[in-house]
Amino acid sequence: MSTSRVRRLRTALGSLVAAGALTLPLALSAAPAQAAPTDDWLHVQGSTIVDASGKEVWLTGVNWFGFNATERVFHGLWSANMRTLTRDIAARGLNVVRVPISTQLLLEWKAGTFTKPNVNEFANPELAGLNSLQVFETWLDMCEEYGIKVFLDVHSAEADNSGHVYPTWWKGDITTEKVYEGWEWAATRWKNDDTIIGADIKNEPHGTQGDTERAKWDGSTDKDNFKHFAETASRKVLAINPNWLVFIEGIEIYPKPGVSWSSKGLTDYYGTWWGGNLRGVRDFPIDLGANQDQLVYSPHDYGPLVYEQPWFTGDFDRASLERDVWDPNWLYLHKEGIAPLLIGEWGGFMDGGKNEKWMLALRDLIVDRRLSHTFWVLNPNSGDTGGLLGYDWATWDEEKYALLEPALWQQGGKFVGLDHDVPLGGAGSTTGISLSQATGTGATPTPSVTPTVRPTLTPTPTPTPSASVSPGPTATPTAPPTAGPTPTTPPTGACTVTYSASSWSTGLSGAVRLTNTGSTLSGWTLTFTAPAGVTVTQGWGGTWSQSGTAVTVTNATWNGALAAGGTAEIGFNASHGGTAGTPTGFALNGARCVVG
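Residue indices begin from 1 for each chain and proceed along its sequence in written order. Where local features are concerned, this predicted model is filtered to residues with pLDDT of at least 70; where side-chain atom pairs are given and counted, the filter is 80 or more; whole-chain, interface and lining totals use all residues. Side-chain metrics rest on all non-hydrogen atoms present in the structure, leaving aside hydrogens and water.

Novice: Before we move on, could you go through unusual backbone geometry and cite the residues and values that matter?
Specialist: Going from W376 to V377, the amide bond is cis rather than trans, its omega being 15°. Residue position: V377 is located in the loop between strand 13 (372–375) and helix 10 (398–404). Phi is positive for R370, which is not a glycine, with a value near 50°. Note on conventions: DSSP H or I runs of at least 4 residues are helices, E runs of at least 2 residues are strands, and numbering of each starts at the N terminus. With respect to the element layout, R370 can be found in the loop between helix 9 (354–369) and strand 13.

See below:
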């Protein structure tokens, strides 16, 4: 919000002056006269994340790394313009960005010591002369302007491109107490800025039974007990900023029943991805006391191109992955209503094979269960996954984005942001709406944000960096219908449909938002006519079939009850012969729908 931005900048100014780190003045502009902005803080109800009014929200975003690495700034700024990338993130419907950082960087920022960031000032004139903290906070202003939310992820102890490989949260001079210190500084600095909505306490704690140092999960206070560390760090953060969500990842292994953590037996443990094993929560849940409603568990999941896990051998599918991997390790937390999930990392190369098969399976789970997530990654220079961007840091991988797009929060053909007042994409956006517009809560002013005036210095070129390799019960939407008149006495089966699609050379990915404008339904069937040459190859949110051009979708078990005014969001992938076209003749239980 504009007022919180000015409040944050005033706080930042005072802190930097006190630290002797501000060498040039920051010009502050008063917030424009307008309706008071709405706080955007989030909390938890059961297995859902909700806003202050209790309306369910869906965090669907992306990772952008670099601040965690030796460059201490977003990768890509050596050639790309930061504002352009940020605007594109919003326009593409990514409503939250997970930002990897290091404890070392937080402590450097706290001390007011800065390494010159690797920024091309010709490409980024508004960043000229800024240190890494000032670059980050300038980016926060941009996020606020475009309706994007942010959460921080301590990716590693040290500022190191490969720092995530180390299994624990401490390393060298970075002790556990130093990690607490870094998080407390961050919680204090951005306490009044609801552009930052949370903290991922530590990325991918891991290690196996044979490792000298590894992360475990039990009821002890041992140094290597990640459960104790994460609980303690979260309590310290929330004592300062009780409005933040805290995201707590899993570990790598967990002992089988009756096995002690001291066992070295290879078959004595359940194993999965780094950060992906949350079996311990059932036995030793995180306890945040009065702030328990700020807790989100955050597993990671990857495909066979990252590592050929045992469950990828043979003929795996979504059902086998859900049964053998996701349910026992983390999905049970959502299914049993214990806590919400945000899948902090998932993604990979479009190989036309097993890796893509895994990505589609997980994408469909995310959509069907409305699981929050942040896709890995924006950066093209992630060695084992690739990114949404090409190596020019401008061109998007449209095929990969088409896979991801159905898992982004959409309503009425537009992407939904997490800011109550600012549409995703900013003032005047044609692609996004605000949270108030989506949930029908409160007024929907669109404030104009006056950007901070930054000093202009004579730009100097920066060196091109070497390539970096990175690490690798469901609630139905509560929003009212956004299109189509509601008859005074609506017939059973009356409906509106909003259709959107992304297409490429021989394929497409379609999204259908179905709104029931009639009486309550206990089950539903949607039919439509596909364009000539279009063949549905996969669908989610229901059971799909096709005969000729006639397509039929029958509800899934979890979305069959459709109240008056209720919505269902479904979608499909299809092949085509060169022309994607647009489906026609939508009908719900035989009654024709209005297409919005």
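Novice: Can you break down the layout of surface pockets residue by residue, with the values?
Specialist: Estimates place the volume of the second largest pocket at around 230 Å³. If you go around the second largest pocket, you meet 16 residues; those closest to its centre are E356, L360, W504, T537 and N573. Looking at the lining of the second largest pocket, the elements with two or more residues in it are helix 9, helix 10, strand 18 (507–516), strand 20 (535–540) and strand 23 (567–575). Just so you know the grouping, Ala, Val, Leu, Ile, Met, Phe, Trp, Tyr, Cys and Pro go in nonpolar, Asp, Glu, Lys and Arg go in charged, and all remaining residues, Gly too, go in polar. Of the residues in the lining of the second largest pocket, the class split is 7 nonpolar, 7 polar and 2 charged. Put simply, the grid is 1 Å and covers the protein atoms alone, a cavity is a trapped set of points that fit a 1.4 Å probe, a pocket is an open set with protein on both sides within 12 Å along at least five of seven lines, and lining residues have an atom within 4 Å of a point. Grid points are joined across faces, edges and corners, and a volume is the space filled by probe spheres set on the points.

Novice: Describe helix 2 (residues 82–91), and please don't skip the residues or the numbers.
Specialist: One full turn of an α-helix is made of 3.6 residues, so residues set three or four places apart face in the same direction. Every buried residue belonging to helix 2 is among M82, R83, L85, T86, I89 and A90, and all of these are buried. For helix 2, the arc enclosing every buried residue in end-on projection is 165°, short of the 170-degree limit, so these residues lie on one face. Whether two residues touch is decided by their heavy atoms; if any such pair falls within 4.5 Å, the residues are in contact. Buried residues along helix 2 sit in contact with strand 4 (60–63), strand 5 (96–102) and helix 4 (132–146). Here a polar contact means two N or O atoms within 3.5 Å. Within protein one must be a hydrogen donor candidate and the other an acceptor candidate, and residues neighboring in sequence count only if both atoms are side-chain atoms. The residue sitting at the N-terminus of helix 2 and contributing the capping side-chain oxygen is N81; that oxygen lies 3.1 Å from the backbone nitrogen of R83. Just beyond helix 2, the residue with positive phi is G93, at close to 90°. To sort residues, take the accessible area from a 1.4 Å probe on protein chains only and compare it with the maximum for the residue type: under 20% means buried, over 50% means exposed, and anything in between is partly exposed. Throughout, the arc means that of the directions going from the helix axis to the C-beta atoms.

Novice: Before we move on, could you go through the sheet that holds strand 3 (residues 56–57) and cite the residues and values that matter?
Specialist: A pair of strands counts as paired when DSSP detects no fewer than two bridges linking them. The 3 strands are arranged 1-2-3 in an open sheet whose pairing can be described as antiparallel. Of all the strands in the sheet, the pair left with one neighbour each is strand 1 (43–45) and strand 3. Taken together, the 2 bridges between strand 2 (residues 48–50) and strand 3 define a ladder with antiparallel strand orientation. Looking at strand 3, one finds that I49 is bridged to V57.

Novice: Kindly report on the packing of aromatic side chains, identifying the contributing residues and their values.
Specialist: Between rings of Phe, Tyr and Trp, where Trp is taken as its six-membered ring, a pair exists when centres lie within 6.5 Å; planes separated by under 30 degrees are stacked, by over 60 edge-to-face, and by other angles tilted. For the coordinates displayed, the defined rule picks out 37 aromatic pairs. For the ring pair W183 and W244, a centre distance of 6.5 Å and an interplane angle of 85° mean the geometry is edge-to-face. Placement of W183 in helix 5 (residues 176–189) and of W244 in the loop between helix 6 (226–240) and strand 8 (245–248) is noted, with a sequence separation of 61 residues between them. The residues W183 and W244 share a single accessibility class, namely buried. Cluster of aromatic residues (ring-pair linked, three or more members): W64, F67, F74, W109, F136, W139, W185 and W190. Only lysine NZ and arginine CZ atoms are considered, and such an atom sits over a ring when it is within 6 Å of the ring centre and within 35 degrees of the ring normal. Directly above the aromatic system of Y270 lies the positively charged group of K256, at a separation of 5.6 Å from the ring centroid.

Novice: Which residues make up the state of the cysteines, and what values do they have?
Specialist: Note on terminology: disulfide denotes any pair of cysteine sulfur atoms within 2.5 Å. Counted by the stated rule, this structure contains 1 disulfide. Two residues, C495 and C593, share a disulfide whose sulfurs are 1.7 Å apart. With the S-S bond torsion at -95°, the cross-link from C495 to C593 turns out left-handed. Of this pair, C495 sits in strand 17 (residues 495–503) while C593 sits in the loop between strand 25 (591–592) and strand 26 (594–595); the two residues are 98 residues apart in sequence, bridging distant segments of the chain.

Novice: So what about the pattern of salt bridges? Which residues, and what values?
Specialist: By convention in these notes, a salt bridge is any Lys or Arg side-chain nitrogen within 4 Å of a carboxyl oxygen on Asp or Glu. Overall, the coordinates contain 33 salt bridges when judged by the stated rule. One salt bridge connects E56 with R370, and the closest N-O pair in it is separated by 3.4 Å. Taken as a pair, E56 in strand 3 and R370 in the loop between helix 9 and strand 13 lie far apart in primary sequence, 314 residues in all. Just as E56 is buried, R370 falls in that class too. Here K116 ties to E121 by a salt bridge, and the two come within 3.7 Å at their closest N and O atoms. Classification of K116 as exposed rests on a relative accessible area of 56%. Residue classification places E121 among the buried residues on the basis of a relative accessible area of 6%. Put simply, R98, D153, D200, E249 and E345 are held in one network by salt bridges that share partners.

In short, geometric facts, not functional conclusions.
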